[in-house]
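Summary of the model geometry
The lines below spell out each chain.
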Amino acid sequence: MAFHRYLPHTDSDIRAMLDRCGAKDFEDLYSDVTQSLRLKKPYALPNAMSEPELDRFFAGIAAQNREMTCFAGGGFYHHYTPAVIPALLSRSEFYTAYTPYQPEISQGTLQYIFEYQSMMCQLTGMDVSNASMYDGSTATAEAMIMAVNASKRKRRVLISATVAPAVAQVCSTYASSLGITLEVIPEHDGITSKDELEQMLGAGDVAAVIIASPNYFGIVEDYSGYAELCHGHKSLLIMNCHASALGVLRSPGEWGADIACGEAQSLGMPLNYGGPGLGYLCCRKAHMRKLPGRIVGATTDSTGQRSFVLTLQAREQHIRRQKATSNICSNQGIMTLHASIYLSLMGAEGLRKVNEIGYNGAHALAQALIDTGKVRLVNPDKPFLNEFRIETIEPLTSRTVLGALEAKGILGGIALSDNEIIVAVTEMCSPDDIDRYVSIIKGM
């Protein structure tokens, strides 16, 4: 028990478990892990501390963090988190409500899942929403699998080159182990090539087409006729969208898409060193049975009071894993609640306002950067919401520009290449922040 003194197992308990596993000792359990990857010394943990000492210890660690103004995006954005959200997240009726499999003791969980699904359906223009996926990448991969399962015999999926690389990579990983062929639709001038899409569809055997709005370069593409083109070839249309942007952009439902998916972190969730995010997945009613995750409905109990129940669980991990529609077993409940509170607080008007501030700031920054003569806008004729792509003019490079900004406390964007950067603006970037960004570039 030297390794796990906090566990209550006796030596005989441990021996019985090892015997059942067919292992001689603990080392046998890690025989597949190479020696070079194993920890060979105790964890570097300090001695026990009193509560005040512990507070000072972590305060010292926190003080090493450097607060930066964020102009980086690429799928995750710095939005404001209203103070009421953490207060409500910690309320016991939500925070400690039991798993929704037992509705009589889980009404809090069921209620916020129902409200989340209702609002996501409004936002995406879809009929059904699940609750939910790990992040936007896995949600898109699950949408791809849904489409292949719905088509039964078709194993090809087309994904636009304007979809975020991380999303495309996750889809590729899933596809490689499921016998799905994932092919990339080329882009020209930052937008999906409709002509080449039509040629690829014409080859047949395409289960689905995946496109993005806004796309990875920040461009808002015109997808007129895409749904008709896909449906004419018996293929489904999947749209990956930033959740917040759907407050002002045409919804996947309005474009005629069959499945909507993406990242909902933009609904006021903090940028927390890479997570957690929240993957949303919505679809038309015709595909509901292929939708992984939980669907909650409203009803009344025996006394006539409003209540909530699970109405459909297409996945079967907890009963028959071999028939599961998905390998994702968690619904990111706390982040679903976060999104529900954010959307109910903001409403349609608040969501529009947030996007208007980002839009105005991004366009003001883009123009001011062009005026410096140090950078140019890539695809200047293409519409964008709050994110855009710039190209540095020699002798400046992406590294020198982002390095100069970082030295002044600004995360200036994401480098796409030696001379291209994606820059994002949200309501958290003040006019003073934008002026400071421009003055740094101007002085280089």
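Residues numbered from 1 in each chain as written. Predicted model: local features only at pLDDT ≥ 70, side-chain atom pairs only at ≥ 80, totals over all residues. Heavy atoms only, no water.

1. Topic: the nonpolar core
Membership of the largest hydrophobic core comes to 50 residues, with the highest contact counts inside it found for V209, L267 and Y280. Contributions of two or more residues to this core are made by α4 (84-89), α6 (107-124), α9 (194-202), β7 (206-213), α10 (226-232), β8 (236-241), β10 (279-283) and α12 (333-372). If near-sequence neighbours (up to four positions away) are discounted, L267 is found in contact with M120, A243, S244, H338, A339, Y342, L343 and L351. (Core = buried A, V, L, I, M, F, W, Y, C linked by side-chain atoms within 4.5 Å. Buried < 20%, exposed > 50% of the residue type's maximum accessible area, 1.4 Å probe, protein only. Helix = DSSP H or I, 4+ residues; strand = E, 2+ residues; numbered from the N terminus. Contact = heavy atoms within 4.5 Å.)

2. Let's talk about the packing of aromatic side chains
Applying the stated rule across the entire model yields seven aromatic pairs. Ring plane angle 80° and centroid distance 5.2 Å describe the contact between F57 and F58, whose orientation is recorded as edge-to-face. On the basis of relative accessibility, which here comes to 47%, the residue F58 falls in the partly exposed class. With 6.0 Å between their ring centres and 85° between their planes, Y223 and W255 make a pair best called edge-to-face. With a gap of 32 residues between them, Y223 in the loop between β7 and α10 and W255 in helix α11 (residues 252-255) connect regions that are remote in the sequence. Of the aromatic side chains, those joined through ring pairs into one cluster are Y223, Y226 and W255. Between R250 and the ring centre of W255, over which it is positioned, the NZ or CZ distance is 4.2 Å. Here the basic side chain of R389 rests over the ring of F217, its NZ or CZ set 4.0 Å away from the ring centre. (Phe/Tyr/Trp six-rings, centres within 6.5 Å; stacked < 30°, edge-to-face > 60°. Lys NZ or Arg CZ within 6 Å of the ring centre and 35° of its normal.)

3. Quick notes on the pattern of salt bridges
Under the defined criterion, the tally for this structure stands at seven salt bridges. The closest approach of N and O atoms between R389 and E420, which form a salt bridge, is 3.3 Å. Of this pair, R389 sits in strand β14 (residues 387-392) while E420 sits in strand β17 (residues 420-424), and the two are 31 residues apart along the sequence. (Salt bridge = Lys/Arg side-chain N within 4 Å of Asp/Glu carboxyl O.)

4. Observations regarding the state of the cysteines
The full count for this structure, using the stated rule, is zero disulfides. Left unpaired, C121 is separated from the closest cysteine sulfur, that of C282, by 5.4 Å. For the unlinked cysteine C241, the closest cysteine sulfur is that of C261, found at 7.6 Å. (Disulfide = S-S within 2.5 Å.)

5. A short note on the packing of helix α7 (residues 136-151) against helix α8 (residues 165-176)
Packed helix pairs are characterised by how far apart their axes lie and by the angle those axes make with each other. Look at α7 against α8: their axes get within 8 Å of each other, and the N-to-C directions meet at 45°. It follows that α7 is oblique to α8 by the angle criterion. The crossing of α7 and α8 is right-handed. Of α8, the residues touching α7 (which contributes S137, T138, T140, A141, E142, M144 and I145) are A166, V167, V170, C171, Y174 and A175. When its residues are assigned to classes, the contact of α7 with α8 shows nine nonpolar, three polar and one charged. (Axes fitted to C-alpha atoms, helices over the stretch in contact; angles between N-to-C directions. Parallel < 35°, antiparallel > 145°, perpendicular 65-115°, else oblique. Left-handed = near helix turned anticlockwise from the far one by under 90°. Nonpolar A, V, L, I, M, F, W, Y, C, P; charged D, E, K, R; others polar.)

6. Structural notes on the sheet that holds strand β2 (residues 128-129)
As summarised here, the arrangement of the seven strands in space is β2-β10-β9-β8-β7-β3-β4, forming an open sheet in which the pairing is mixed. In the strand order of this sheet, the two ends are held by β2 and β4 (181-185), each with one partner. Bridge count for β2 against β10 is two bridges, and the pairing is antiparallel. From the neighbouring strand, S129 faces β10, where its bridge partner is C282. Sheet strands in contact with α7 are β3 (156-160), β4, β7, β8, β9 (259-263) and β10, and its direction is about 160° off that of β9. (Pairing = 2+ DSSP bridges.)

7. Focus on the environment of A72
Mapped onto the fold, A72 is located in the loop between β1 (69-70) and α4. A72 sits in the buried class, given a relative accessible area of 19%. If we skip the residues at most four places from it in the chain, A72 touches L411, G413, I414 and A424.

8. A closer look at the sheet that holds β17
What holds strands together in a sheet is hydrogen bonding between their backbones, with the strands either parallel or antiparallel. Spatially, the four strands line up as an open sheet ordered β13-β14-β17-β16, and their pairing is antiparallel. Taken across any chain shown, the strands that pair with only one partner, and hence form the sheet edges, are β13 (375-377) and β16 (414-415). Relative to β17, β14 runs antiparallel, the two being bridged by five bridges. What sits directly across from R389, in β17, is I422. Sitting on the sheet, α12 is in contact with β13, β14 and β17, with an inclination near 10° to β14.

9. Things to note about the pairing of β7
By the criterion of burial, β7 is predominantly enclosed, with eight of the eight residues buried. The sheet contact formed by β3 and β7 spans four bridges and is parallel. Its bridge partner being in β7, V157 is matched across the sheet by A208. One ladder, built from six bridges, connects β7 with β8; its direction is parallel. What sits directly across from I210, in β8, is I238.

On their own, these measurements won't tell you what the molecule is for.
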